[in-house]
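This is what each chain is made of:
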Amino acid sequence: VKHIIITGGAGFIGSHLCDRFLKEGYAVTAVDNFLTGRAENINHINDPNFSFWQLNVANPDLPLVELDFKLLREYGLHGVLHFACPASPVDFERFPREILEVDSIGTLAAIDIAKHHSARLILASTSEVYGDPQLHPQKENYWGNVNTIGPRACYDEAKRFAEAAVSSEQRWGGLNAGIVRIFNTYGPRMRLNDGRVVPNLCGQGLRGEAFTIHGDGFQTRSFCYVDDLVDGVFKLFESNVQIPVNIGNPQERSIRDFADWVNILTRGKGRDRSRVYHPPREDDPKQRCPDISRAKSLLGWEPKVGLEEGLSKTIAYFKKEMMTNVTH
Ligand SMILES: NC(=O)c1ccc[n+]([C@@H]2O[C@H](COP(=O)([O-])OP(=O)(O)OC[C@H]3O[C@@H](n4cnc5c(N)ncnc54)[C@H](O)[C@@H]3O)[C@@H](O)[C@H]2O)c1
C-alpha cells in the first residue's frame, strides 16, 4: 500500500483529497491544527488505512520528519501533499502570521520529510502568485505582478516563497515535486461565512435575502468544482511532472450569471430575488483566468463538472449545514 501525508487534511480541499486517495487505494495520514478546517470534514471517514493527527506543521520544535506516524511505520512514505494554509481573503486579515509560517516553516518541514523518504511532494500553490496579472489568461511561465506590501501580500508572497523553496530543492536537492497553481475552487465543505462570492450568494439565496453584488456584476470569475480540482491534483501526483501546473476552470462567468443560477437553484425559475449593488471592492483582482493547456497536454486533465451541477451539489451541502446549525 502506498502511504501519503496530506497537510491541511481537515480543510475544504484537503478533506476531498483524503476521500479521493483512499478511494484509489492509498493509505492516508491527514494532519491539521483546525485553524480553518474542521473535524466534521473528515468524521465520515472510516478506513483502517486512514489516520488523523492534530498538529501544527509549522511548529519548528516538532518537525514532521521527527514524528512517529503509525502508517509511515507500516508502509513507508510515498508522497506528501502540502495543502495546509488558510485560503480565503477573510483569513488574510485574521491569520497573516499563521499563513506566513505555514507557507515558510511548514513548507520546509514538508520538503524535509519528503526528501528523507524520497517521496514525491505536491505543493498547493495558487493563482495569487500571478498577483494582479497583466496577461490574460495566465500561463505558468508568467512571473506575476505582485504587491509585496498589499493586503494580500501575506498570502501571495508566502506562496511565492513556498514555490521558491520547492524549486530550489528540485534543482539542487534532488526533490521529486509538483507545484499545482490552484485557481478559485468551490464545492461542499467550503465555509458559508468565508467571504467569497459563491458561499455568499448561496447563503443569501437559501436565507431568502437579496443578493449582494459588488460593482455592476458584469465582472467575471472562473470557478472550478472541487471534484475536478482534486482529479487534477491526483493526476499531477501520479505523474512525474516537475514544473508548475495551473488547475482551474477557464470558463469565465459574470457575477450576475452566478446570482441568476443561485436564484434558480434555491427558489425555482421565475421567482426572482432582488439584487443590491454595492461599490466595487478595492482589493478585488480584476480578472483571473487559467490557461490550462499545460494540464491538458501533460496530465490529460480538463474540468468536467458544469456550473449547474456543481452549484446544485454545493447548495445542497449548505442547506444541510444551515439546518444542522439551526437544530443544534
Ligand atoms: N480554495 C481555493 O479556491 C484555493 C485556491 C488557491 C489555492 N488554494 C490552496 O489550497 C490549499 C487548501 O485550501 P482550502 O481552500 O482547502 O482552505 P482551508 O482553510 O479549508 O484548508 C486549509 C487547512 O489547513 C489547515 N492548517 C492551516 N495552517 C496549518 C498548520 N500550521 N498546521 C496544520 N494545519 C494547518 C487548516 O486548519 C485547514 O484545515 C491551501 O494551501 C490554499 O492556499 C485554495
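Residues numbered from 1 in each chain as written. Predicted model: local features only at pLDDT ≥ 70, side-chain atom pairs only at ≥ 80, totals over all residues. Heavy atoms only, no water.

Participant: Account for the pattern of salt bridges, naming residues and giving values.
Facilitator: Tallying each qualifying case throughout the model produces 22 salt bridges. When the shortest N-O distance is used, the salt bridge between Lys139 and Asp291 registers 3.1 Å. With Lys139 in the loop between strand E5 (120-126) and helix H5 (153-173) and Asp291 in the loop between strand E13 (275-278) and helix H9 (293-299), the pair connects residues that are 152 residues apart, well separated along the chain. For Asp291, a relative accessible area of 14% puts it in the buried group. A salt bridge links Lys313 to Glu309; its shortest N-O distance comes to 3.1 Å. Taken together, the positions of Lys313 and Glu309, both in helix H10 (residues 307-327) and four residues apart, correspond to about one turn of that helix. Residue Glu309 is classed as partly exposed on the basis of its relative accessible area of 40%. (Salt bridge = Lys/Arg side-chain N within 4 Å of Asp/Glu carboxyl O. Helix = DSSP H or I, 4+ residues; strand = E, 2+ residues; numbered from the N terminus. Buried < 20%, exposed > 50% of the residue type's maximum accessible area, 1.4 Å probe, protein only.)

Participant: Lay out unusual backbone geometry with the relevant residues and their values.
Facilitator: Here the bond from His136 into Pro137 is cis, since omega is -15°, no more than 30 degrees from zero. Secondary-structure assignment places Pro137 in the loop between E5 and H5. In this model, Ser118 sits at a positive phi of 50°, which is unusual for a non-glycine residue. Relative to the helices and strands, Ser118 is located in the loop between helix H4 (96-116) and E5.

Participant: Lay out the site of the ligand in plain terms, naming residues and giving numbers.
Facilitator: Contacts to the ligand come from 29 residues, most closely from Ile13, Asp32, Thr36, Asn56 and Tyr155. Tyr155 places a polar side-chain atom, nitrogen or oxygen, 2.5 Å from an oxygen atom of the ligand. Coverage of the ligand by the protein amounts to 97% of the 820 Å² it exposes when considered alone. If you list the elements that add at least two residues to the shell around the ligand, you get helix H1 (12-23), E5 and H5. No other element matches the three residues that E5 contributes to the shell around the ligand. (Near = heavy atom within 4 Å. Polar contact = N/O pair within 3.5 Å; in protein donor to acceptor, adjacent residues only side chain to side chain. Areas by Shrake-Rupley, 256 points an atom, 1.4 Å probe, with all protein chains shown as cover.)

Participant: Would you mind going over the environment of Trp301 in detail, with residue names and values included?
Facilitator: Summarising the element assignment, Trp301 is placed in the loop between H9 and H10. For Trp301, a relative accessible area of 1% translates into the label buried. Sequence spacing of Trp301 and Leu71 is 230 residues, and the spatial spacing of their C-alpha atoms is 30 Å. Those residues within four positions of Trp301 in sequence are excluded, and the remaining contacts are Cys224, Asp228, Asp231, Gly232, Lys235, Ile247, Gly248, Ile292, Ala295 and Lys296. At 2.9 Å, the side chain of Trp301 forms a polar contact with the backbone oxygen of Asp228. (Contact = heavy atoms within 4.5 Å.)

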